[in-house]
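A closer look at the structure
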Amino acid sequence: MLINDDLSKPVIVHGSRLEWIPSPAVGVDRRMLFRIGDEKARATSIVRYAPGSAFPQHTHGGGEEFVVLEGVFQDEHGDYPAGSYIRNPPGTSHVPASADGCTIFVRLWQFRAEDRNQIVRRPGEGDAGAPHPGVKEALILFEDGHEEVGIETWMPGKDVKVENADGLEFLVLSGEVVVGGEFLERQAWGRLPARVPLHASVGKSGARVWIKRGPLMHPDVCQF
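Presented here is a report on the structure given in the accompanying data block. (Residues numbered from 1 in each chain as written. Predicted model: local features only at pLDDT ≥ 70, side-chain atom pairs only at ≥ 80, totals over all residues. Heavy atoms only, no water.)

**Considering the nonpolar core**
- If you look at the biggest cluster of nonpolar residues, it comprises 19 residues, and the most contacted ones within it are W154, V162, V177, L184, L198 and I211.
- Secondary structure elements with two or more residues in this core: β16 (135-143), β18 (159-162), β19 (168-179), β21 (188-192) and β22 (198-213).
- With six residues, β22 is the single largest residue contributor to this core.
- Once residues lying within four places of it in the same chain are set aside, the contact partners of L198 are W154, V160, K161, V162, L168, F170, V179 and L192.
- The next biggest cluster of nonpolar side chains, apart from the first, holds 18 residues, and it includes I46, L173, W189 and W210. (Core = buried A, V, L, I, M, F, W, Y, C linked by side-chain atoms within 4.5 Å. Buried < 20%, exposed > 50% of the residue type's maximum accessible area, 1.4 Å probe, protein only. Helix = DSSP H or I, 4+ residues; strand = E, 2+ residues; numbered from the N terminus. Contact = heavy atoms within 4.5 Å.)

**Looking at the pattern of salt bridges**
- A complete count under the given rule lists 15 salt bridges for this structure.
- A salt bridge links E65 to R107; the shortest N-O distance between them is 2.7 Å. With E65 in strand β8 (residues 64-75) and R107 in strand β13 (residues 102-108), this residue pair connects regions lying 42 residues apart in the sequence. R107 matches E65 in its accessibility class, with the two residues each being buried.
- Note that E148 and R213 form a salt bridge whose closest N and O atoms lie 3.4 Å from each other. Here R213 lies in strand β22 and E148 lies in strand β17 (residues 148-154), a separation of 65 residues in the sequence.
- Overall, R213 belongs to the partly exposed group, its relative accessible area being 24%. (Salt bridge = Lys/Arg side-chain N within 4 Å of Asp/Glu carboxyl O.)

This is a description of form; function is not addressed.
See the structure below:
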């Protein structure tokens, strides 16, 4: 299966408009944004857990990172409410579930082979970044010299430019923005190749945006 697999081209996906596709686990459905592979795949998805659903215990051979968008995600290590950011590097394992239901944004098999940084950021946790024009607050969730992950709060009615040296990926967490003439709402996802900056006009309610800066595919990415 190949979905938005050409990393040389800019792409925008209105995630909230996609159909839910059942996963092998009952009650767990997916909206596929990027995918190279079948069930085992390099993938970026929005995943919905119905109340009481769970995935079997599994090991992340290629790593996993996710943001909890709604509800409370759970595993044997803890409960993670909306706004949590988790990095589970290659070799980690867990049993994901949700007693009351949740929705997450997740990236799989996109870690560097030597990356062993396991991170748990609760809502609001992180390091302060340097705001740029139009940005009220910038929060850095993870940075290791190869990539930087953060959440920015954009001010209503402002124009925001995000520089892009090596590659850029973003997800609208809340609010509305206009990018390239397209009106983007919650769960809209975009990816830009290196040296293509992100230009956005922010709607009247402002916006919160998850942003990853770094190579769209690391040269030393985990191999299948």
